[in-house]
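If you want the building blocks of each chain, they are given just below.
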Amino acid sequence: MKRLAWINGAVCDLAEAVVPLEDRGYLFGDGVYEVIKIYNGKPFYLRPHLDRLQKSASGIAMEIPYPMEKIKQEIASLIENSACKGGYLYMQVTRGSAKRDHLLPGGTRPSMVMYVREYNSPATIEEIKPLNCITLPDERWLNCYIKSINLLPNVMARHKAADAGAQEAIFYRSGGTVTEGTRTNTFAVIDGVVRTHPESKLILSGITRMIALDLLDKLNIPVSEEAFNLEDLGKASEVWTTSTGMEIVPVVTIDKRAVSESVPGPICRSLIEEFWKIVEN
Ligand code: PDD
């Protein structure tokens, strides 16, 4: 496949793609993004991703610089011209270029970039690598529903996880309330009920989270979108994460303690199987 980038309508090789130094995304982290999976050459759940992009942009008082229909067409051509069958599309909208000033610039046109990368998702449950996780205080801001490109707390937490030999950090707020992971939503089976933090400003409303909730409903598995704390997490019989990039991944240890004997547990396994049926169709 060809690695292509799209910068405000102009297409070039990803390796040669450049943006201006004074772009506010670069200077202030003033922008929002989306990661959209590509399966069989098609963007997966595009509409919800574009809706969330719009919501994120509104959350920082920024306009998306192109109509959604135009964005959809550009995404389709970028994927086609890249000849990408399996991968992901990264999309970012920043407030554009202006002389550095904290004050929002008036009259600056936001800048939009996209690029496509190949990515091979696991094809069997055995190929999925279960995650070792650590728990960390959630040091992010209080508008986590905005998919902002300001990801330093997530990046540092992911780094601490790696230092501890883990692949993901699960965040908790004061009182031990579990929110989500650095780049994933968190699910736990507690007393036979699947729990995940409710949609709120404290988490990103994940598209994969939404798909998982629909599938659990279809499977008649009891679910409660009710926050749980670290103590509940410690007694969970199954824990898994969801995200566009990694899909549904079981958690094997939390703070070095094994979650359960069999990983993935039965609910997580059924969920992965159902998820793959959607992907196939
Ligand atoms: N991360 N929570 C956070 C903090 C995230 O960054 C993400 C996604 C999710 C899962 O959302 P979704 O299912 O819509 O991908 C939850 C993306 C993939 C990333 O930053 O790479």
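Look a little higher up for the structure.
Residues numbered from 1 in each chain as written. Predicted model: local features only at pLDDT ≥ 70, side-chain atom pairs only at ≥ 80, totals over all residues. Heavy atoms only, no water.

Q: How should helix H4 (residues 152-163) be read in this particular structure?
A: Note that an α-helix has 3.6 residues per turn; residues three or four places apart therefore point the same way. Its 12 residues place the ends of H4 16 Å apart at the C-alpha level, agreeing with the 16 Å of an ideal helix rising 1.5 Å per residue. On its buried side, H4 packs onto strand E7 (131-137) and strand E8 (168-172). Looking one or two places after H4, you find Gly-165, whose phi comes out positive at around 75°. (Helix = DSSP H or I, 4+ residues; strand = E, 2+ residues; numbered from the N terminus. Expected span 1.5 Å × (residues − 1). Contact = heavy atoms within 4.5 Å.)

Q: Even after reading the chapter, I still don't get the site of the ligand, so can you show me in this structure?
A: Every one of the 18 residues lining the ligand counts as a neighbour, but Tyr-33, Glu-180, Ile-207, Thr-208 and Thr-244 are closest to it. Residue Tyr-33 places a side-chain N or O atom 2.6 Å away from an oxygen atom belonging to the ligand. Glu-180 places a side-chain nitrogen or oxygen 2.6 Å from a nitrogen atom of the ligand. Summarising the interface, the protein chains cover 88% of the accessible area of the ligand, which totals 470 Å² for the free molecule. Taken together, the elements giving at least two residues each to the shell around the ligand come down to strand E3 (31-39), strand E9 (178-181), helix H5 (207-218) and strand E13 (238-243). When residues of the shell around the ligand are sorted by domain, at least three fall in each of domain 1 (4-118) and domain 2 (125-280). (Near = heavy atom within 4 Å. Polar contact = N/O pair within 3.5 Å; in protein donor to acceptor, adjacent residues only side chain to side chain. Areas by Shrake-Rupley, 256 points an atom, 1.4 Å probe, with all protein chains shown as cover. Domains from an automatic or database assignment.)

Q: For this particular structure, what's the right way to read the side chain of Asp-23?
A: Examined against the element boundaries, Asp-23 turns out to sit in the loop between strand E2 (10-13) and helix H1 (24-28). Despite its burial, Asp-23 pairs with no opposite charge, the nearest such side chain being Arg-24 at 7.7 Å. In contact with Asp-23, other than residues within four places in its own chain, are Thr-94, Gly-96, Ser-97 and Ser-111. (Buried < 20%, exposed > 50% of the residue type's maximum accessible area, 1.4 Å probe, protein only. Lys, Arg positive; Asp, Glu negative; His and termini not counted. Salt bridge = Lys/Arg side-chain N within 4 Å of Asp/Glu carboxyl O.)

Q: Help me understand the packing of aromatic side chains in this model?
A: A ring pair, where both rings are aromatic, is described by two values, the distance of the centres and the angle of the planes. For the coordinates displayed, the defined rule picks out seven aromatic pairs. Judged by centre distance (5.7 Å) and plane angle (75°), the ring pair of Phe-44 and Phe-275 falls under edge-to-face. One end of the pair, Phe-44, is in the loop between strand E4 (42-43) and helix H2 (46-59); the other, Phe-275, is in helix H7 (residues 266-280), and 231 residues separate them in sequence. The exposure classification of Phe-44 matches that of Phe-275, with both residues buried. Through a chain of ring-to-ring contacts, the aromatic side chains of Tyr-39, Phe-44, Tyr-45 and Phe-275 assemble into a single cluster. (Phe/Tyr/Trp six-rings, centres within 6.5 Å; stacked < 30°, edge-to-face > 60°.)

Q: I would appreciate a short explanation of the layout of surface pockets in the present structure.
A: Empty space among the atoms can be located by rolling a probe the size of a water molecule over them. Here the largest pocket is characterised by a volume of approximately 980 Å³. Lining the largest pocket are 41 residues; nearest its centre among them are Tyr-33, Lys-147, Ser-148, Leu-151 and Asn-154. Sorting the residues of the lining of the largest pocket by element identifies H1, E3, H4, E9, H5 and E13 as the ones contributing at least two each. It is H4 that contributes the most residues to the lining of the largest pocket, four residues altogether. (1 Å grid on protein atoms, 1.4 Å probe; cavity = no way out; pocket = protein on both sides within 12 Å on 5 of 7 lines; lining within 4 Å. Points joined across faces, edges and corners; volume = space filled by probe spheres on them.)

Q: Can you help me understand the packing of H2 against helix H3 (residues 68-82) in this one?
A: Packed helix pairs are specified by the crossing angle of their axes together with the interaxial distance, meaning the distance between the axes. Two elements in contact, H2 and H3, have axes separated by 12 Å at closest approach and are oriented at 130°. The orientation of H2 with respect to H3, classified from their angle, is oblique. Crossing of H2 against H3: the hand is right-handed. Taken together, the residues of H3 that come into contact with H2 (itself represented by Leu-46, Arg-47, Leu-50 and Gln-54) are Met-68, Glu-69, Ile-71, Lys-72 and Ile-75. (Axes fitted to C-alpha atoms, helices over the stretch in contact; angles between N-to-C directions. Parallel < 35°, antiparallel > 145°, perpendicular 65-115°, else oblique. Left-handed = near helix turned anticlockwise from the far one by under 90°.)

Q: What is the right way to look at empty space enclosed by the protein in this model?
A: Taken as a whole and assessed by the stated rule, the structure comprises two cavities of 30 Å³ or more. Taken as a whole, the largest cavity holds about 70 Å³ of empty space. What lines the largest cavity is simply Lys-37, Tyr-39, Phe-44, Tyr-45, His-49, Ile-207, Thr-208, Ile-211, Ser-243, Thr-244 and Phe-275. Sorting the residues of the lining of the largest cavity by element identifies E3 and H5 as the ones contributing at least two each. Counting residues per element, the lining of the largest cavity draws most heavily on H5, which supplies three residues. Counted by class, the lining of the largest cavity contains six nonpolar, four polar and one charged residues. Split by domain, the residues of the lining of the largest cavity number at least three in each of domain 1 (4-118) and domain 2 (125-280). (Nonpolar A, V, L, I, M, F, W, Y, C, P; charged D, E, K, R; others polar.)

Q: I'm lost on the pattern of salt bridges in this one. Help?
A: Close approach of charged atoms lets side chains of opposite charge pair. Tallied over the entire structure, the rule returns 17 salt bridges. The shortest N-O distance in the salt bridge between Arg-47 and Asp-51 comes to 3.4 Å. With a gap of four residues between them, Arg-47 and Asp-51 both fall in helix H2, about one helical turn apart. The class for Arg-47 is partly exposed, based on a relative accessible area of 37%. Judged by relative accessible area, which is 41%, Asp-51 ranks as partly exposed. Close ionic contact of Arg-183 with Glu-168 constitutes a salt bridge, the shortest N to O distance being 2.9 Å. Here Arg-183, found in the loop between E9 and strand E10 (185-190), pairs with Glu-168, found in strand E8; they are 15 residues apart in sequence, far enough to count as distant. A network of salt bridges, in which partner residues are shared, links Asp-138, Arg-140, Arg-173 and Glu-180.

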